[in-house]
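What follows is each chain in one-letter form.
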Amino acid sequence: MNYGLMVMMLQAVIHWPKSIAFKVALGRKRAKNGLRRRPGILPTLEDGLLEMDEFFHDSIGKLFKRTGISPAEIDVLVVNISMLATVPSLSSRIINTYKMREDIKVYNLTGMGCSASLVSINIVQNICKARKNVQALVITSESLSLNWYNGNDRSMILANCLFRTGGCAMILTNKPSLKDKAMFKLKCLVRTHHGGKDESYGCCLQKEDSKGLVGFHLGKNLPKAATRAFVDNLKDIAPKILPVRELLRFTALLLVRKIRNKWSKAAAGATARPLIDFKTGVDHFCLHTGGKAVIDAIASNLSLSEYDVEPARMTLHRFGNTSASSLWYVLAYMESKKRLKKGDRVFMISFGAGFKCNSCLWEVVRDLEGNNVWKNIIDSYPPLNLANPFLEKYGWLQGKDDSFCLPDDYEIPD
């Protein structure tokens, strides 16, 4: 194999927020930490930068220490943080902090949503096809401090309930000399973008509500848009990752079904559409934690077992939806459970605003031990009960009277 053209993940460090207010997760364990907001005081740019600096200093420093690679050895820097665009850019902030080289190639991505991680990986993949001995630092996170919605539009309040802060820093390389230290190698990557469809474009959108308050709108047509993008993405990547025998089996069953439907109208509605078995070419499924409905839909479409979707469910329960970095928390769960053995193939699937569906296949290069963010809590997962601990106490809010509103002159007490 020509490792000079193969992208390998050398090491990754996943962030566990220590002081940022927006770190409450969806399960009982973290819920008591709450959001420490100051009534009447809106977050500032300084709050957003503080959130990013905590992540940068914690994760990037640990990454350099673990790998023994110095900042001066980094050839490419890719940063994807969708909801915070500063001048100078966040990538420049990292370069200034770690005094990186003057000839470093820099890519600063914003507005790419939850699928941005694989967009960043794809950038490094394309660079590695053209250059040898590349060492790339990829930073993926999201800024929540400046993007908290203060209105009462339900489609925009949902984002407050779902998203949590987090991030991941990783080093990718195509240096043959580092192949024995690598964790994964990238086999293939496919990106699908439905931005040309108005329905898909508008289902996941940052906008102002009727009162001029900025928030992130999640439309009711989001599942439909996600399904369309997912199906198109699977059509492209399936031939790249599945064995020929499975593709032939599926094609034959599909052909038989078409013939039956053509000659018998009664059989047209009775014959179920054949399903392709992705487990013939995939050992583990790393799913985006977009929400319980997203995980359930993917599990249903791919005929996955509870064991297959457990990493995604537990990540959503413990860390919430950390946007583009959520995939790496799911992968870390598999690693901590010691599921990832040399030669295993991991299928990553992510969704993002636009609307995008990106997926890729990694091969595990060596047995992994699980020294990551899950290390001290992995024995307590999965819990016996994943029920919402607050539904019984606060479920009455679901049936509240929408006509009620606070007077305009009402002041929140200190």
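What comes next concerns the included structure. As the structure is a prediction and not an experimental result, all values here were calculated from the model.

This part takes up the layout of surface pockets. Vacant regions in the atomic arrangement are exposed by a probe of water-molecule size rolled over the atoms. There is about 480 Å³ of room inside the second largest pocket. Val231, Leu234, Lys235, Phe250 and Ile276 are the residues nearest the centre of the second largest pocket, which is lined by 17 residues in total. Those elements that provide at least two residues to the lining of the second largest pocket are helix H7 (222–241), helix H8 (244–263) and helix H10 (292–302). Here the element with the most residues in the lining of the second largest pocket is H7; it accounts for 7 residues.

Axis angle and axis distance: for two packed helices, these are the angle between their axes and the distance between the axes, and together they describe the pair. Look at helix H2 (residues 45–67) against helix H3 (residues 90–98): their axes get within 11 Å of each other, and the N-to-C directions meet at 50°. On the basis of the axis angle, H2 is oblique to H3. The crossing of H2 and H3 is right-handed. Where H2 approaches H3, its residues Leu49, Met52, Asp53, Phe56, His57, Ile60, Gly61 and Phe64 are matched on the opposing element by Leu90, Arg93, Ile94, Thr97 and Tyr98. Each residue belonging to the contact of H2 with H3 can be placed in one class, and the counts come to 8 nonpolar, 3 polar and 2 charged.

Per the counting criterion, the structure on display carries 0 disulfides. As a non-bridged cysteine, Cys360 has Cys188 as the owner of its nearest cysteine sulfur, 7.6 Å distant. The buried category is assigned to Cys360, whose relative accessible area is 0%.

About the thresholds
- Residues numbered from 1 in each chain as written.
- Predicted model: local features only at pLDDT ≥ 70, side-chain atom pairs only at ≥ 80, totals over all residues.
- Heavy atoms only, no water.
- 1 Å grid on protein atoms, 1.4 Å probe; cavity = no way out; pocket = protein on both sides within 12 Å on 5 of 7 lines; lining within 4 Å.
- Points joined across faces, edges and corners; volume = space filled by probe spheres on them.
- Helix = DSSP H or I, 4+ residues; strand = E, 2+ residues; numbered from the N terminus.
- Axes fitted to C-alpha atoms, helices over the stretch in contact; angles between N-to-C directions.
- Parallel < 35°, antiparallel > 145°, perpendicular 65-115°, else oblique.
- Left-handed = near helix turned anticlockwise from the far one by under 90°.
- Contact = heavy atoms within 4.5 Å.
- Nonpolar A, V, L, I, M, F, W, Y, C, P; charged D, E, K, R; others polar.
- Disulfide = S-S within 2.5 Å.
- Buried < 20%, exposed > 50% of the residue type's maximum accessible area, 1.4 Å probe, protein only.

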